[in-house]
Amino acid sequence: MKSRIFALGVAGALTIFPAPSALAIPSSFTAVGEAETWNQGKAERPVPNTLHYQGGRIRLEMAAPINAEGVSPFNVVLAQEGGKVITLLNPAEKQAMKLEMSSLNEFAENRSLQKISQFQIKDFTTTFVGQSKVVGQAAIAGEKCTIREQKNKQGHFKVWLSNRYQLPFRFIYLENDQPAFAWTVKKFTPASNLGPSSFAIPPGYETVDLSEMLNGLDDNVKPLPAR
């Protein structure tokens, strides 16, 4: 379960990529990167990954090893820009798990995953850039980037925004001014040569609707208090 939650966290964080606009944002790209997490201030092992983006379709591939129980994790995430469903794939077991983000809203243990559904790719450039402040300059993967920082009720974020492509080349989420999650581009190509089938559940996969499983949990699970 931990690997599934991590996959969702990565997918949610990476969907801040903006859609094409009048700026020099490519309509498709491939970003080879590295995801990092911290647990109580201690950095965990980075997870290499590759993000493919094509006209609003997202495929995230993570180099996740077999876990301690000998089970291969769900290490491919499929998503649609502005969509409300995330699909996790386990190629080794030919399994697919679909999750509707709204089904998480009433369960306290999933509070951290609710943020995934709040990210809107199309609005990133106008909302984040408009509400953030410039705090520096740096080079990531050979690209000059402007470092922007934003603090609001959703959290504390820092983004290294590529000056050429207007895409985040590094993203970090902080809790109590300490890093909690980060993603950094190591290699960037302004194109993706994957076919449409790479963004869909492959034939022959067993598909499970995790939303139905969550909705069918025991009545003893307490819902989140109304806000």
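Residues numbered from 1 in each chain as written. Predicted model: local features only at pLDDT ≥ 70, side-chain atom pairs only at ≥ 80, totals over all residues. Heavy atoms only, no water.

Describing the overall build of the protein chain
Secondary structure assignment for the protein chain yields 3 helices and 13 strands. Of all 227 residues assigned to the protein chain, the portion counted as buried reaches 46%. If you sum the accessible surface of the protein chain, you get close to 12,300 Å²; carbon and sulfur atoms cover 51% of it. (Helix = DSSP H or I, 4+ residues; strand = E, 2+ residues; numbered from the N terminus. Buried < 20%, exposed > 50% of the residue type's maximum accessible area, 1.4 Å probe, protein only. Areas by Shrake-Rupley, 256 points an atom, 1.4 Å probe, with all protein chains shown as cover.)

A word on the pairing of strand 4 (residues 57-62)
As paired strands, strand 3 (residues 47-54) and strand 4 are joined by 6 bridges and run antiparallel to one another. Its bridge partner lying in strand 4, His52 is registered against Arg59. Here strand 3 folds back onto strand 4 in antiparallel fashion, the turn holding 2 residues, of which Gly55 has a positive phi close to 50°. Bridging between strand 4 and strand 5 (residues 76-80) involves 5 bridges; their strand directions are antiparallel. Residue pairing in the sheet places Arg59 in a bridge with Leu78 of strand 5. (Pairing = 2+ DSSP bridges.)

Observations concerning the side chain of His52
Mapped onto the elements, His52 comes out in strand 3. The class of His52 is buried, set by a relative accessible area of 8%. Side chain to side chain, His52 and Thr30 meet in a polar contact 3.5 Å long. Among all residues touching His52, those that are not within four sequence positions of it are Phe29, Thr30, Arg57, Ile58, Arg59, Glu61, Ser192, Leu194 and Phe199. (Polar contact = N/O pair within 3.5 Å; in protein donor to acceptor, adjacent residues only side chain to side chain. Contact = heavy atoms within 4.5 Å.)

Comments concerning unusual backbone geometry
Phi angles above zero are rare outside glycine, and Ala141 is one such case at about 55°. With respect to the secondary-structure elements, Ala141 resides in the loop between strand 8 (133-140) and strand 9 (143-152). You can call Ala141 partly exposed: its relative accessible area is 39%. A positive phi angle, near 55°, is found at Asn176, a position not held by glycine. In this fold, Asn176 is placed in the loop between strand 11 (168-175) and strand 12 (178-189).

Some words on the confidence of the model for the protein chain
On average, residues of the protein chain score 75 in pLDDT, and 66% of them are at 70 or above. Ranking the elements of the protein chain by mean pLDDT puts helix 1 (residues 2-14) last with 48 and strand 8 first with 95. Low pLDDT, under 50, characterises residues 1-5; the stretch is placed with 7 contacts to residues that sit more than four places away or in other chains. Low confidence marks residues 218-227, where pLDDT is under 50. Its contacts with residues over four positions away, or in another chain, come to 12 contacts. (pLDDT = per-residue confidence, 0-100.)

A closer look at the environment of Val208
Residue placement: Val208 occurs in strand 13 (residues 206-209). Distance from Val208 to Gln95, taken between C-alpha atoms, is 7.8 Å for residues 113 residues apart in sequence.

What to know about the pattern of salt bridges
A full pass over the atoms with the stated rule returns 4 salt bridges. For Lys151, the salt bridge goes to Asp177, with nearest N and O atoms at 3.7 Å. Of this pair, Lys151 sits in strand 9 while Asp177 sits in the loop between strand 11 and strand 12, and the two are 26 residues apart along the sequence. Accessibility expressed as a relative area gives 56% for Lys151, which makes it exposed. (Salt bridge = Lys/Arg side-chain N within 4 Å of Asp/Glu carboxyl O.)

A closer look at the pairing of strand 11
Buried residues dominate strand 11, accounting for 7 of its 8 residues. Across 6 bridges, the pairing between strand 10 (residues 155-162) and strand 11 is antiparallel. Counterpart to Phe157 in the pairing with strand 11 is Tyr173. Hairpin connection of strand 10 to strand 11: 5 residues between the antiparallel strands, including Gln166 at a positive phi of 55°. The pairing of strand 11 with strand 12 spans 6 bridges and is classified as antiparallel. In the sheet register, Tyr173 faces strand 12, and the bridge partner there is Phe181.

Things to note about the packing of aromatic side chains
For the structure shown, the criterion picks out 7 aromatic pairs. Judged by centre distance (5.1 Å) and plane angle (15°), the ring pair of Phe29 and Tyr53 falls under stacked. Of the two residues, Phe29 sits in strand 1 (residues 28-39) while Tyr53 sits in strand 3, which places them 24 residues apart along the sequence. Residues Phe169 and Phe188 carry aromatic rings whose centres are separated by 5.0 Å and whose planes lie at 45° to one another, so their mutual orientation is tilted. Taken together, the positions of Phe169 in strand 11 and Phe188 in strand 12 put the pair 19 residues apart, joining distant regions of the chain. (Phe/Tyr/Trp six-rings, centres within 6.5 Å; stacked < 30°, edge-to-face > 60°.)

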